[in-house]
Amino acid sequence: MTSGRRPFREFDDSYDAESLRLARRVIRGLSLTMRHVVLAPGSRSAPLAYALAEAEQLGVLDVHMRIDERSAAFTALGLAMSTGQPAGVVTTSGTAAGNLLPAVMEADMAGIPLVVITADRPESLHGTGANQTVWQQGMFAGRVRDELHIDQSFIAEGQVRLEPESRDDMLAAETQAALLVRAAVTATARSAPGPVHLNIGFADPLVPEEVPTPQAGIQRWARKGVIPAQERERLYQQARSGSVSPAEQLEAAALGERLGFDSEPLQPTAGSSDQPSADAQQTIDDAAHEPVTRTLFVMGHGAQREAVDFAVRTGHPMLAEPTSGARWSDLGAIQAYRLLLQAPRGSAGEQLVAQTERVVVVGRPTLTRPVQRLIARQDIEVLHYAPGAEPWHDHRLPRRIITDLRELAGLTGTAAAGWRQAWQDAGLAAQRVIDAVLREDEQEHSAPSSVRAAQFVAETVRTPLLLGSSSVIRDVDLTAVLTRSLPGSAGTQSLDGAGPGGRPRAVYALRGLAGIDGNLSAASGVALAAGERITALVGDLTFLHDVNALLLPSTEQVPQLDIVVINDGGGAIFDQLEHGAVGRRSGQAESVERLFGTPQDVDIEALADAYHHEYYFAETLQELGEALAHPDDRLGMRIIEVRTDRVGLRDLHQRISERVAEL
Ligand SMILES: Cc1ncc(C[n+]2csc(CCOP(=O)(O)OP(=O)(O)O)c2C)c(N)n1
Ligand SMILES: [Mg+2]
């Protein structure tokens, strides 16, 4: 504390260890805009653990304990993905911190506000051979939007203050933490939301003192303006159907007031259900006249909602990936578009592509090569609608960037008569072929293929879905007919994307880097945030890679999660790629299977048993349907295994392509 100035005290915990006092202020700052924190146990992070427990008791935060840090980080990623709000993960020092890297990488490339907080040894112990001590400052450099290092010694040196000298003291630990989270959620023309890193060097002692008087208890440090738990829940639920919650606005306003910022609302991140503004609506309505064009919209991951509305209202066809928020047949998304794009000369698909004047890319398409080839074509004008910075944006792409919906409207106008219908007809014809081939295949083998199983799950489940990387998401993209109004319900179909429950149906996936790691943990984060059942549909290697998502300390709330594992005893996807052809060369099959297929025969039932989660084996689609029925009556985490054979998949895909090419 600098001499002569009176500290601006909001609460008094001067009786306590300095590490605890620092941790409390940091958590106060973080909790301005954060509701969920996932914590893994450790010694150096103890001050944060105690402070988090207090914050949870005060109703400021929800804390989730996990044992494996990689799983903890992906759980936090899922929490942030689902809410569009920052979520935190806290670890001790050493390799614990290293385990956060995969989730940080995904958050970076997917634009998710993940706040990683690593406890560190104090700077004085670095380079002395002290246990579990490694240079952690900047360890996520290049992948985080901002990073902050606070060492406890900074307090004595006056670089960080525990007691601010004014309400907007920029050296106050609380303010610094709050500003860091702000960097995670800020969307500007140059920077998308994304992960941030806070590294804190704590010095002993790391345990709290006993509270000397009841008044000095934890109730003293709750930040002012904390919304009562019940009200918070109501606002939170409300927030899930809108773009920016009243709670966020309140919190942003509170932060702004304290720190002297403009209190503009926080920006929702990609994948959240942002509504088009009145302005955007007007633009859409104005554009519904001139010019008349044959434009094709490619809707990738995180496609902006206003562009989807624009395409729907102006009648342009949409080739929409499952996580684009546009992949609804009741919105007219084109089925089986991948096959239309790769159809041979003279086919209906080829003629449609030939008539296309312009392609507009929205969001980030990652799933199929025919789409990549389409948007790389030189003979068709390709535009990219990107109103703000995109985490994946590559300025080297030879595409014209359109940042304004009005400008887009001026170029694409409204669709030529029959343009969307022609695509829809072709898509529907291809869809019929897919369904027929899948049926034939099922009869031939007297068991469903993995493709059919994925289609079945995506089309039948009534919960939000998380699609695993690898074949699953591509199979759903190729074959599933998804509707926003769920089967069996009388939900209305409106442009606001609302399903029968009044919320848009959500389809999640880790498309930032498409890793097969962390998928189940992310799904459990989504389930924890949503407070409802989620279905994760994954391949066997994706399941086994993140099996520690099943590992929950027995004190913790079990996520409402159905995990459907399509077990084909290894990685099927490589056989669909070039390696499938290599494997068919004489004498190469075994080697390709070993190098890429990585066969496994883990007993998934025994695994589920070991973790005490319910297990179902579905031999037929009917059994699968029964296992997935009545999601509201189920409790906890359930694992549903479907066994399939990957040997015939390459032929099955070829048969589908050939039959569609004949159309
Ligand atoms: C962390 C990580 N490691 C490796 C890969 C490369 N990879 C992509 S798909 C795949 C196999 C996935 O197998 P499975 O989950 O069983 O799905 P399948 O293709 O069999 O349906 C692998 C290893 C990856 N995407 N992420
Ligand atoms: Mg597999």
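For the structure itself, look to the data block above.
Here the residue index of a chain counts from 1 through its sequence in written order. Numbering of ligands from 1 and lettering of chains from A proceed in the order in which they are written. For a predicted model such as this one, the threshold for reporting local features is a pLDDT of at least 70, and the threshold for listing and counting side-chain atom pairs is 80 or more; totals across whole chains, interfaces and linings nevertheless cover every residue. Hydrogens and water molecules were not included; the side-chain quantities draw on all heavy atoms of the structure.

Draft legend 1. Geometry of the nonpolar core. As used here, the term nonpolar core means buried Ala, Val, Leu, Ile, Met, Phe, Trp, Tyr and Cys residues forming a set that is joined through side-chain atoms within 4.5 Å. When accessible area is computed with a 1.4 Å probe and restricted to protein chains, residues below 20% of their type maximum are described as buried, those above 50% as exposed, and intermediate ones as partly exposed. Judged by nonpolar contacts, the single largest core of 49 residues is most densely connected at L77, M81, V89, L114, F543, I563 and I639. Here, residues are in contact when the closest pair of their heavy atoms is within 4.5 Å. Those residues in contact with L114 that lie beyond four places of it in its chain are A73, A76, L77, A87, V89, A103, V104, A107, G194, P195 and V196. Of all hydrophobic cores here, the second largest spans 48 residues; its members include W328, F456, V507 and L624.

Draft legend 2. Representation of the site of ligand 1. What makes a residue near a molecule or strand is one non-hydrogen atom of that residue sitting within 4 Å of it. Taken together, 17 residues lie around ligand 1, and S470, S471, D540, T542 and A572 are the ones closest in. Here a polar contact is recorded for every N or O atom pair within 3.5 Å, except that within protein the pair must consist of a potential hydrogen donor and a potential acceptor, and residues adjacent in sequence are included only if both atoms are side-chain atoms. Take D540: an N or O atom from its side chain is 2.7 Å from an oxygen atom of ligand 1. At a separation of 3.1 Å, an oxygen atom of ligand 1 approaches a polar backbone atom of I573. Contact with the protein chains hides 75% of the accessible area of ligand 1, taken as 590 Å² for the molecule alone. Each helix is a run of H or I in the DSSP string that is no shorter than four residues. Each strand is a run of E no shorter than two, and both are numbered from the N terminus. Going through the elements one at a time, α20 (540-545) and α21 (573-576) are the ones with two or more residues in the shell around ligand 1. Considering every element that reaches the shell around ligand 1, the biggest residue donor is α20, with four residues. Of the residues contributing to the shell around ligand 1, the split by class is six nonpolar, eight polar and three charged. Note that accessible areas follow from Shrake-Rupley with a 1.4 Å probe, and for residues the cover is restricted to the protein chains shown. All amino acids are sorted into three groups, where Ala, Val, Leu, Ile, Met, Phe, Trp, Tyr, Cys and Pro are nonpolar, Asp, Glu, Lys and Arg are charged, and the leftover types, Gly among them, are polar.

Draft legend 3. Representation of the pattern of salt bridges in the model. Here, a salt bridge means any side-chain nitrogen of Lys or Arg that lies within 4 Å of a carboxyl oxygen of Asp or Glu. Applying the stated criterion to the full structure yields 32 salt bridges. Ionic pairing is found between R327 and D477, a salt bridge with its closest N-O pair at 2.9 Å. Here R327 is found in the loop between β9 (318-320) and α12 (337-341), whereas its partner D477 is found in helix α18 (residues 471-479), with 150 residues between them in sequence. The residues R327 and D477 share a single accessibility class, namely buried. Where R484 meets D330, a salt bridge forms, and the shortest distance between an N and an O atom there is 3.7 Å. With R484 in the loop between α18 and β15 (507-508) and D330 in the loop between β9 and α12, this pair connects stretches of sequence that are 154 residues apart. Classification of R484 by relative accessible area gives buried; the value is 2%. By sharing partners, the salt bridges in this structure join D13, D16, R21, R24, R25, E54 and E163 into a single network.

Draft legend 4. Inspection of the coordination of the magnesium ion (ligand 2) at higher detail. In this description, a donor is an N, O or S atom within 2.8 Å of the metal centre, a cutoff extended to 3.2 Å for sodium, potassium and calcium. Water is not part of the atom list, which can make sites seem incomplete. Only D540 (OD), D568 (OD) and G570 (O) from the protein coordinate the magnesium ion (ligand 2), and they sit 2.0 Å from it. Mapped onto the polypeptide sequence, the residues donating to the magnesium ion (ligand 2) form the spacing pattern D-x27-D-x1-G. Of the two residues, D540 sits in helix α20 while G570 sits in the loop between β17 (561-567) and α21, which places them 30 residues apart along the sequence. Judged by relative accessible area, which is 2%, D540 ranks as buried. Among the residues examined, G570 registers a relative accessible area of 3% and is labelled buried.

Draft legend 5. Structural detail: empty space enclosed by the protein. Only protein atoms enter the calculation, which uses a 1 Å grid: trapped sets of points that fit a 1.4 Å probe without letting it out are cavities, open sets showing protein on both sides within 12 Å along at least five of seven lines are pockets, and any residue with an atom within 4 Å of a point is a lining residue. Grid points are joined across faces, edges and corners, and a volume is the space filled by probe spheres set on the points. Applying the stated criterion to the full structure yields three cavities of 30 Å³ or more. Quantified by volume, the second largest cavity comes out at close to 90 Å³. In terms of lining residues, the second largest cavity is bounded by 15 residues, among which E10, R28, L162, P164 and E174 are the most central. Taken together, the elements giving at least two residues each to the lining of the second largest cavity come down to α1 (18-30) and α7 (173-185). Considered class by class, the residues forming the lining of the second largest cavity number six nonpolar, one polar and eight charged.

Draft legend 6. View of a negative patch on the surface. A surface patch of negative charge is lined by D601, D603, E605 and D609. Summarising the element assignment, E605 is placed in helix α24 (residues 604-610). A residue is classified by how much of its surface remains accessible, and E605, at 41% relative accessible area, is partly exposed. Distance thresholds for patches are 9 Å for like charges and 5 Å for nonpolar side chains (Val, Leu, Ile, Met, Phe, Trp, Tyr), applied to residues having over 30% relative accessible area and no salt bridge. When charges are tallied, Lys and Arg are placed among the positive residues and Asp and Glu among the negative ones, while His and the ends of the chain are skipped. The atoms used to mark charge sites are NZ of Lys, CZ of Arg, CG of Asp and CD of Glu.

Draft legend 7. How the structure looks around the sheet that holds strand β16 (residues 534-539). Taken in spatial order, the six strands of this open sheet run β15-β14-β16-β17-β19-β18, and their pairing is parallel. With one partner strand each, in any of the chains shown, β15 and β18 (614-618) form the two edges of the open sheet. The pairing of strand β14 (residues 465-467) with β15 spans two bridges and is parallel. In the strand pairing of β15, L466 is matched with Y508. Fitted lines through C-alpha atoms give the axes, limited to the stretch in contact for helices. The angle between two N-to-C directions lies from 0 to 180 degrees. Across the face of the sheet, α18 comes into contact with β14 and β16 while running at roughly 110° to β16. Sitting on the sheet, helix α19 (residues 519-530) touches β14, β15, β16, β17 and β19 (637-643), and the angle it makes with β16 is about 175°. The rule for pairing is simple: two strands pair if DSSP sees at least two bridges between them.

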